[in-house]
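Breakdown of the fold
Given next are the chains, with one letter for each unit.
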Amino acid sequence: MGDPAADAQHGPQKPEPVVPGQRVAFVRRIGLFQATAINMSQMCGIGPFITIPLMVEVFGGPQAVIGFLAGALVALADGLVWAELGAAMPGAGGSYVYLRQAFQYRTGKLMPFLFVWTAMLFIPLAMASGVYGFVQYLGFLWPDMTPTQGDMTGLALIVLVVALLWRRVENIARITAVLWGVMIVCTALVIIAAFTHFDADLAFTYPDGAFDLSKSTFWIGFAAGLTIGVYDYGGYGTAAYLGAEIKNPGRTLPRAIVFSILGIMAIYLLLQIGILGVVDWHEMLKTDSTAYTAVVSVMLERTWGGTAARIITGLILVTTFASLFTGLLGGSRVPHDAAREKVFFRSFATLHPRHRFPVWPLLAMGAIACVGFLIGRHSSLAAIIQLLMAVMVIVQALAQIAAVTVLRRRQPGLRRPYRMWLYPLPGLVALAGWLVIYGYADESSPGQHPIEWSLAWVGAGCVAFVLWAAYEKVWPFGPREISEEYLHGAGRDEPSDIDPDGEADPGAREATPA
């Protein structure tokens, strides 16, 4: 999966003094192709390679393709929510900007604070799931790897990623372009290998009762499959986090979101159907089999032989590592950007004095990723996915859907280059999908209690907000600060509120107490 917040600081940047509340200078240089590639690169990491057996397991057969179709529908509906918000408020920060603008009138900075708080969990958990998949596929090249060696390898990989980011990182746009290219090559080779040895009987022979909608087991499996599907599509909003760097964002962002979802849907369906036409789905139900842990490698070994399987498995590992790198790079910028705009703890705004990267967000997310990886290794990948999705749904997904309606009522004069098609239908479809995912989370992950854990995390975030607000003397311990800069024209197609030499734009509007 790609992390819905990845790559929030894109491209080389000139060092500048760190002033609390000062906006970051960006140049609008990312066009439609680059924005679509950024989304697709984050959407298609290790996700589809490790979740095909999971999808077959929850559905109990090759009808698992339903999960990817349902996931695409929810992702597309939710993508239109992102498109309206991103086109109207194309600034750096994405979700926390939208939630701050929509909910500031009644609850001050509570909602953007809670988004960043939950992002501090679901972004590292997304990274942990990628590390989990990396270790699984490494097992194909290292068949004698013990569970302890797998644990240590995963932890070492996270430490390596953090260490590589412990420096000033330049040319991130180039890294993402290379990642996108390798991803396309990998998936193209896998699809070609599958369909040159395709057996329709394997792919389209379903077990008895596969489509019996009267059984509760079908709907439990559907909810779990929908969760996995949406997880695999995660990342379609990545370009929205780069709103301050997108050329003509009012047109580019909506198109990039829709194009990336449709493109990834085509890739996933071809991957799923192609692999099911080579590897018997019954083999994927055996959790101790290689068909369960590295199904793509097994398929390649049976079609093009062991050498090709090892080479392409190596490419999958490279793609996964690059996705982890860019994912943590961007994810660590989310709390940093929020802290600089006085929406999160001040310490998270601290940059390394020499290399200019956010120190505490990087360390905190790396540590949480380590814990999440170990939890997944000693329970299941599905447990990680269910928890990260539950945490993401309860604040980001549901609140953004509400934000569209709230902003249409609170800021009717807001410039909206893109207005959601068939409003409010896409929002309602997305809402239904998110509620199914959340409502069935405990049943889809027995004994793991993702709903309870997500509520506990958000509850802890509310307590943290109260303590933070008391210290900062903001609502409810001070006046609400109403900032309607996008209503008054900020963030449209101008480069930023800071000129290239770091001088503040005298026309930039400051927040005023309500």
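Residues numbered from 1 in each chain as written. Predicted model: local features only at pLDDT ≥ 70, side-chain atom pairs only at ≥ 80, totals over all residues. Heavy atoms only, no water.

The secondary structure content of the protein chain amounts to 18 helices and two strands. Counting the 514 residues in the protein chain, one finds 59% classified as buried. Sequence-distant contacts in the protein chain: of pairs separated by 6 or more residues, those separated by 24 or more amount to 83%. (Helix = DSSP H or I, 4+ residues; strand = E, 2+ residues; numbered from the N terminus. Buried < 20%, exposed > 50% of the residue type's maximum accessible area, 1.4 Å probe, protein only. Contact = heavy atoms within 4.5 Å.)

The next thing to look at is helix 14 (residues 359–377). Its 19 residues give helix 14 an end-to-end C-alpha distance of 27 Å, which sits within 8% of 27 Å, the value for a rise of 1.5 Å per residue. When we look at burial in helix 14, the residues that qualify are V359, P361, L362, M365, G366, A369, C370, G372, F373 and G376. (Expected span 1.5 Å × (residues − 1).)

The next subject is the nonpolar core. Grouped together as the largest cluster of nonpolar side chains are 165 residues, with contacts concentrated most on F115, Y137 and W434. Among the elements that take part in this core, helix 5 (residues 110–141) stands out by supplying 23 residues, more than any other. (Core = buried A, V, L, I, M, F, W, Y, C linked by side-chain atoms within 4.5 Å.)

The omega angle of the peptide bond from Y423 to P424 is 5°, so this bond is cis rather than trans. Secondary-structure assignment places P424 in the loop between helix 15 (381–410) and helix 16 (425–439). A cis amide bond links W475 to the next residue, P476, at an omega of 10°. Note on placement: P476 falls in the loop between helix 18 (450–472) and strand 1 (481–482). Located in the positive-phi region is K342, a residue other than glycine, with phi close to 60°. Looking at the secondary structure, you find K342 in the loop between helix 13 (306–340) and helix 14. A positive phi angle, near 55°, is found at H449, a position not held by glycine. Take H449: it is sitting in the loop between helix 17 (441–444) and helix 18. A relative accessible area of 40% means that H449 is categorised as partly exposed.

Bringing a nonpolar patch on the surface into the picture now. Judged by side-chain polarity, W166, W360 and L363 come together as a nonpolar surface patch covering roughly 300 Å² of accessible area. You can call W360 partly exposed: its relative accessible area is 48%. (Patch = residues over 30% accessible without salt bridge, like charges linked within 9 Å, V, L, I, M, F, W, Y side chains within 5 Å. Areas by Shrake-Rupley, 256 points an atom, 1.4 Å probe, with all protein chains shown as cover. Salt bridge = Lys/Arg side-chain N within 4 Å of Asp/Glu carboxyl O.)

Now for the pattern of salt bridges. One pass over the full model with this rule turns up eight salt bridges. For R416, the salt bridge identified is with E84, shortest N-O distance 3.7 Å. You can see R416 sitting in the loop between helix 15 and helix 16 and its partner E84 sitting in helix 3 (residues 65–88), a full 332 residues away along the chain. The same class applies to R416 as to E84, namely buried. The partner of R100 in a salt bridge is E341, with the nearest N and O atoms 2.4 Å apart. With R100 in helix 4 (residues 95–107) and E341 in the loop between helix 13 and helix 14, the pair connects residues that are 241 residues apart, well separated along the chain. Classification of E341 as buried rests on a relative accessible area of 19%. Here the salt bridges do not stand alone but share partners, grouping E84, R408 and R416 into one network.

Bringing the packing of helix 5 against helix 14 into the picture now. One can describe the packing of helix 5 onto helix 14 by two numbers: an axis separation of 7 Å at closest approach and a directional angle of 50°. For the element pair helix 5 / helix 14, the angle class is oblique. In this structure, helix 5 crosses over helix 14, and the sense of that crossing is right-handed. Residues A119, M120, L121, I123, P124, L125, M127, A128, V131, Y132 and V135 of helix 5 lie in contact with helix 14, whose contacting residues are A364, M365, I368, A369, G372, F373, G376 and R377. In terms of residue class, the contact of helix 5 with helix 14 is built from 16 nonpolar, two polar and one charged. (Axes fitted to C-alpha atoms, helices over the stretch in contact; angles between N-to-C directions. Parallel < 35°, antiparallel > 145°, perpendicular 65-115°, else oblique. Left-handed = near helix turned anticlockwise from the far one by under 90°. Nonpolar A, V, L, I, M, F, W, Y, C, P; charged D, E, K, R; others polar.)

We now examine the layout of surface pockets. One number sums up the size of the second largest pocket: a volume of about 520 Å³. Every residue lining the second largest pocket is counted, 22 residues in all, and those nearest its centre are V135, Q136, M145, T293 and R377. For the lining of the second largest pocket, the secondary-structure elements that each account for two or more residues are helix 2 (47–59), helix 5, helix 6 (147–165) and helix 11 (290–293). Here the lining of the second largest pocket takes five residues from helix 5, the largest share from any one element. Across the lining of the second largest pocket, the residue classes tally to eleven nonpolar, nine polar and two charged. (1 Å grid on protein atoms, 1.4 Å probe; cavity = no way out; pocket = protein on both sides within 12 Å on 5 of 7 lines; lining within 4 Å. Points joined across faces, edges and corners; volume = space filled by probe spheres on them.)

Once that is clear, we can look at the packing of aromatic side chains. All told, the structure shown has 21 aromatic pairs when counted by the stated rule. When the centroid spacing of 6.4 Å and the interplanar angle of 15° are considered together, the rings of F218 and F222 count as stacked. Of the two residues, F218 and F222 both sit in helix 9 (residues 216–233), four residues apart, roughly one turn of that helix. Judged by relative accessible area, F222 falls into the buried class, the value being 18%. What links up through ring pairs into an aromatic cluster is the set F113, F344, F345, F348, F465 and W468. (Phe/Tyr/Trp six-rings, centres within 6.5 Å; stacked < 30°, edge-to-face > 60°.)

In this section: the confidence of the model for the protein chain. Confidence in the prediction of the protein chain, expressed as mean pLDDT, is 85, and 88% of residues score 70 or more. Taken as a whole, residues 2–25 scores under 50 in pLDDT and shows 101 contacts with residues more than four places along the chain or in a different chain. Note that residues 493–514 has pLDDT below 50 and, in this model, 36 contacts with residues that lie over four places away or in other chains. (pLDDT = per-residue confidence, 0-100.)

As for its position among the elements, T36 is in helix 1 (residues 32–43). Judged by relative accessible area, T36 falls into the buried class, the value being 11%.

One can describe the packing of helix 3 onto helix 10 (residues 249–276) by two numbers: an axis separation of 9 Å at closest approach and a directional angle of 170°. Here helix 3 lies roughly antiparallel to helix 10, going by the angle between them. Along the contact surface, helix 3 presents V65, F68, L69, A72, A75, L76, G79, L80, W82, A83, G86 and A87, while helix 10 presents P249, G250, L253, P254, I257, V258, I261, M265, Y268, L269, Q272 and I273.

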